[in-house]
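# Summary of the model geometry
Listed here are the chains, written in short residue letters.
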Amino acid sequence: MNTTDLLSQLRKFVLIKSGLRNIDPAHCKTISELIFKETKNYVSETTVKRFFGFAQTLHKFSLFTLNSLSQYIGYSDWESFCKEKEHEVSDVDDVWQSLNIRTQAITDVSLIAKKNSSGVPFTATSKRNFLYSDFDYFLKNDYQFTTISAQPGQGKSILIAHLVEHFFYSENAPYKSDVVLLINSGTISDIIQNGLSLKEWFLKEFKFAGVSELIAYFLKNPKLCKGRIVLIVDGIDQYLAIDKYFKIFVDFLHSIQHSNFIKIVIGLRVNNWVNLQPAITGSAFLTNSWYKGLFFDEDKNTNIPALNQEEILFTLSKIEGKPVYESDLHPGLLNQFRTPFWLQIYYTLKQETKVLKLSNQLLCLELINYFLENKVFLSKNSTEKIFILKEISREISKGAIYHRVAKEKILSHTVKYFEAYQELLYGGILIEEKRLSTAIPTEIVKFLSDDIYTYFLFLQLTEKFEFKPNKSFFEEILSNYAKEQILRQHLINWSIKFCINRNEISALKNIFKLPFTNEEKNKAYDFICDVALFELEKNDSKFNTQSIDIHFVDLLVSGQVISQNYKTLIKNLSERVFDENIQMILHVISSSIAILNLDKVALAESMHLLKRYNKKLLELFPINPYDLISFFNNTLIGKPNNSASLFEKINKFCIEVHKSKPLPNDMLGSCEMITYRLVLMVLFSNKNYIECIHLLEAILKKYPKIFYLRSSVFSSYLLIIMAQTTLKLNRLKTTQRVIKLLGNYLSNPNTYYTSYTEASYISAKANFLNHTGNYKNVIIEASKGIEFANKHNLPIFVIAFLLLKINALKHINNGDGVSITIKGLLNYINVNKLTLPDYVNLNDEGFSHTFKILKSHKQN
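Not measured: the values here are computed from a predicted model.

### Some words on the overall build of the protein
- Helix and strand counts for the protein come out as 43 helices and eight strands.
- By its C-alpha atoms, the protein is 105 × 60 × 55 Å across when sized along the principal axes.
- Burial statistics for the protein: of 860 residues in total, 56% are counted as buried.
- Taking the contacts inside the protein whose residues are at least 6 apart along the sequence as the reference set, 70% of them involve residues at least 24 apart.

### A word on the sheet that holds strand β6 (residues 404-406)
- Judged by pairing direction, the sheet is antiparallel, and its three strands sit side by side in the order β6-β8-β7 without closing on themselves. Strands with a single pairing partner mark the edges of an open sheet, and in this sheet they are β6 and β7 (430-435). Each strand axis lies, on average, 30° off the axis of its neighbour in the sheet, ignoring direction.
- Pairing of β7 with strand β8 (residues 442-447), which is carried by six bridges, proceeds in the antiparallel orientation. The partner of K434 across the bridge, within β8, is E443.

### Some words on empty space enclosed by the protein
- Under the counting rule described, the total for this entry stands at four cavities of 30 Å³ or more.
- L596, M681, Y717, I721 and Y756 are, among the 31 residues lining the largest cavity, the residues nearest its centre.
- Put simply, the parts of the chain that give the lining of the largest cavity at least two residues each are α30 (580-596), α35 (670-685), α37 (714-728), α39 (755-771) and α41 (795-811).

### Some details on the sheet that holds strand β5 (residues 290-291)
- Spatial strand order, β2-β3-β4-β1-β5: five strands in an open sheet with parallel pairing. With partners counted over all chains shown, the strands left at the sheet margins are β2 (179-183) and β5, one partner each.
- As defined by bridge partners, strand β1 (residues 145-150) adjoins strand β4 (residues 262-269) across six bridges and the pair is classed as parallel. Bridge pairing in β4 links T147 to I266.
- Taken strand by strand, helix α7 (residues 132-140) contacts β1, β3 (229-233), β4 and β5, and its axis lies near 140° from that of β4.

### Points about the nonpolar core
- Counting residues in hydrophobic clusters, the biggest one holds 207 residues, and the most contacted among them are F337 and F552.
- The greatest single-element share of this core, amounting to twelve residues, is contributed by α41.
- Residues L181, F208, L240 and F296 belong to the second largest nonpolar core, which totals 42 residues.

### With respect to unusual backbone geometry
- Located in the positive-phi region is E466, a residue other than glycine, with phi close to 50°.
- With respect to the helices and strands, E466 occurs in the loop between α23 (450-464) and α24 (471-480).
- Since its relative accessible area comes to 58%, E466 is described here as exposed.

### Some thoughts on the state of the cysteines
- Per the counting criterion, the structure on display carries zero disulfides.
- Of the cysteine sulfurs around C654, a residue in no disulfide, the closest is that of C692, at 8.9 Å.

### Quick notes on the packing of helix α16 (residues 309-320) against helix α18 (residues 340-352)
- Close contact between α16 and α18 brings their axes to 11 Å; oriented N to C, the two are set at 10°. With respect to each other, α16 and α18 are oriented roughly parallel. Facing α16, whose interface residues are T315, L316, I319 and E320, α18 presents L343, Y346, Y347 and K350.
- Considering only residue class, the contact of α16 with α18 consists of five nonpolar, one polar and two charged.

### Re the packing of aromatic side chains
- Per the stated rule, a full pass over the model turns up 56 aromatic pairs.
- Between the aromatic rings of F218 and F261, the centroid separation amounts to 6.1 Å while the plane-to-plane angle is 75°, which identifies the pairing as edge-to-face. Of this pair, F218 sits in helix α11 (residues 211-220) while F261 sits in the loop between α13 (243-255) and β4, and the two are 43 residues apart along the sequence.
- For F261, a relative accessible area of 6% translates into the label buried.
- Relative to F498, the ring of F458 has its centre 5.7 Å away and its plane inclined at 75°; by these criteria the two rings are edge-to-face. Highlighted residues: F458 in helix α23 and F498 in helix α25 (residues 485-501), separated in sequence by 40 residues. Judged on exposure class, the residue F458 and its partner F498 are both buried.
- Its end group placed over the ring of Y72, K17 keeps NZ or CZ at 5.8 Å from the ring centre.
- Over the face of the ring belonging to Y175 we find R228, whose NZ or CZ atom lies 4.4 Å from the ring centre.

### Section: the pairing of β3
- Most of β3 is tucked away: five of the five residues are buried.
- Here β3 shows no split at all, with I229, L231 and V233 on one side and V230 and I232 on the other all buried.
- The pairing of β2 with β3 spans five bridges and is classified as parallel. Opposite I183, over in β3, you have V233 as the bridge partner.
- As defined by bridge partners, β3 adjoins β4 across five bridges and the pair is classed as parallel. Counted as the bridge partner of I229 is I262 from β4.

### Quick word on the pattern of salt bridges
- Taken as a whole and judged by the stated rule, the model has 30 salt bridges.
- Note that E38 and K17 form a salt bridge whose closest N and O atoms lie 3.7 Å from each other. Of this pair, E38 sits in helix α2 (residues 27-39) while K17 sits in helix α1 (residues 3-18); the two residues are 21 residues apart in sequence, bridging distant segments of the chain.
- Owing to a relative accessible area of 40%, K17 belongs among the partly exposed residues under this scheme.
- Here K140 ties to D136 by a salt bridge, and the two come within 3.1 Å at their closest N and O atoms. Here D136 and K140 lie together in helix α7, a separation of four residues that amounts to about one turn.

### Focus on α23
- Over its 15 residues, α23 runs 21 Å from end to end, which matches the ideal 21 Å to within 8%, given 1.5 Å per residue.
- Among the residues of α23, D451, I452, Y453, T454, Y455, F456, L457, F458, L459, Q460, L461 and T462 are the ones counted as buried.
- Capping the start of α23 is the job of one residue whose side-chain oxygen sits 3.0 Å from the backbone nitrogen of D451: S449.
- One or two positions beyond α23, positive phi appears at E466, with a value near 50°.

### Observations regarding helix α10 (residues 198-206)
- Listed in full, the buried residues belonging to α10 are W201, F202, E205 and F206. Seen end-on, α10 carries its buried residues on one side only, within an arc spanning 100°.
- On its buried side, α10 packs onto α1, α6 (95-117), β2, α9 (185-193) and α11.
- Positive phi appears at K207, one or two residues downstream of α10, with a value of about 70°.

About the thresholds
Residues numbered from 1 in each chain as written. Predicted model: local features only at pLDDT ≥ 70, side-chain atom pairs only at ≥ 80, totals over all residues. Heavy atoms only, no water. Helix = DSSP H or I, 4+ residues; strand = E, 2+ residues; numbered from the N terminus. Buried < 20%, exposed > 50% of the residue type's maximum accessible area, 1.4 Å probe, protein only. Contact = heavy atoms within 4.5 Å. Pairing = 2+ DSSP bridges. Axes fitted to C-alpha atoms, helices over the stretch in contact; angles between N-to-C directions. 1 Å grid on protein atoms, 1.4 Å probe; cavity = no way out; pocket = protein on both sides within 12 Å on 5 of 7 lines; lining within 4 Å. Points joined across faces, edges and corners; volume = space filled by probe spheres on them. Core = buried A, V, L, I, M, F, W, Y, C linked by side-chain atoms within 4.5 Å. Disulfide = S-S within 2.5 Å. Parallel < 35°, antiparallel > 145°, perpendicular 65-115°, else oblique. Nonpolar A, V, L, I, M, F, W, Y, C, P; charged D, E, K, R; others polar. Phe/Tyr/Trp six-rings, centres within 6.5 Å; stacked < 30°, edge-to-face > 60°. Lys NZ or Arg CZ within 6 Å of the ring centre and 35° of its normal. Salt bridge = Lys/Arg side-chain N within 4 Å of Asp/Glu carboxyl O. Expected span 1.5 Å × (residues − 1). Polar contact = N/O pair within 3.5 Å; in protein donor to acceptor, adjacent residues only side chain to side chain. Arc of directions from axis to C-beta.

Rendered as structure tokens:
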């Protein structure tokens, strides 16, 4: 055995002794400690890493290191280990057995290298069992070779490692008697560094002058052939990019003689496979001998499909150390993880930093950010790489379809910055493909992932506007990507991250002022909450508890008030923000959320925090919000409201609003908006409907263009309160007009509204039908409302719709329906530990007696 074989054997036994089947760099420290414990010789962690190929080897291993490792596995020294292994080989007279021993030494090392190169622990990678029967068919039938072709990062090498383990190496492997030679890039590199040709290396290692001579030998001596010879070549793409090595490889394929015992598996990136195809199709022997496989995609020239959901969840469950289900992942992340290398990035990011939850869409962006930071921005030739990537994204954005560009358009850049371009190709950021379907075969270049393309498209956009995310910046996204909704949403998300990272919060208001779709606005609002929470945890972020100002509060007040990430953000901010005024406003918002969620505990906590600011609250708000919140707290806990003084203050406030001069909408501040909401809710809940109308009229007088305010949910909130109030006053024609106006308002593409607004609109329609005696349609609308409110976690509306349904069922004398619905209502409030405050009941006075009975039943 030569030195390489002996070192390979030594590595194998060190692993066995250490109790490791696979090894990664983290194990090297443990092995170092085990060696010291066993031999009292210190072999450093760095030396162990060099020994297993994790660190660069600039010189041969010292005799001390080799002796220590040999002693660790039970030999007196390196020399005795070498003698025993040489003796084992010399005792083998059987050519097949000798070949098996020699190939196993190389395959063992190659297999370990493959497992170690996995971005996630090898045991956590999916075995992709559905491909096994395809590979088994190739082994059993009369095919000479097969290719496993894929783009970078698709899991080609890991799949090959699983195939080798399953078919040849595992305990229950079906073909253990076969000779398997797995050649990696490391093996090829050693051959080149030693100045050998492939034939010279093959002769030295296996005593045959090449594969063709090996085949010829067993064709002449068929009785000596005791199985198949499976040659697996992988990881040689960087060499095939060089003409002389590509020619050697093609000649090698042509030199293979037909036989039923030799099987060749070639792992290639798609671009090299496309270059190799003419050599194969030009030979009848190679064409007939090539097994494409069931999963070969003619258009993409790959036979490794993207990961399916089951495979993704398997790997994530292994990484997380607990079962992970589809519901645990953000849909965008599930789609991203279909490409295996994003799972590798996630695993690495999780090891290095406090990673985001899998349910958070921000993780999609953080994975891209982390990947590009390491592969591009902090790498060698980073300036040239960034330039090339921006130029490609610029060419694509000029109209190229499918996010690709003809190579001829960027040829000058690839020639000028050849090394950087080649590194981008080898690093799996860019890929080259040939389009053979055109009249003249065309080379095209594209990003491996649309996610990476989107990032550089966004980078191009920021440079165009000199890194100033103003109105024009967002108008560019709005107009240029109108036909690419998914891409536009990604660009909005990158913009949100960009703005919050730079603490340019006021720029984000443009998303809600411009006519993006309502779905885009709601997704953007949730994403703003996600990014804000993430940035708050960073030590060096410009967006922090000291920098948060009224601009961010304006965003919080103008949008979604009920989602979980919104509530989490408000709670997080209110506990940590430095500005006392901002802190007080956040506590008031927290109280409003608790009121809408019928959450007595959360409301009591917010009130306790507000109590110490009682005097200062009057400086910020026209009416002390603490008094208004106390009204709802008493209602929730069933305590009588002695609120004469409160209604005096409200009356005085209404008069002041009515006397105000007309103002433009941009003069409406967050504190004033919060006050209007709370006061209107108090008046409506206390059945002061006339006063409620008076305040609505006063607000409209003060802000005559309030219903032109499309970027905030406040204007639609006023219309909903107006509809419910006029209905209580039996002004049915006015109510009908307001509901119609509200429907038109919400259908306007410029209007921003939330799930809470939509539920309010459904309740207004159902309530109108209820008051006009259209009970069958009430049941339909209420049932639709219950489903919607449950889906969006809106408990106040679930209860309101159930009460409307009970009332309607009573009027049509459906006793069974009434009983079932009451049972459902009581079960819902019991399970969710809720109460039945007066403000959840939208029915008319005729339902008051039933409502009192339901409240009494709940209290008992």
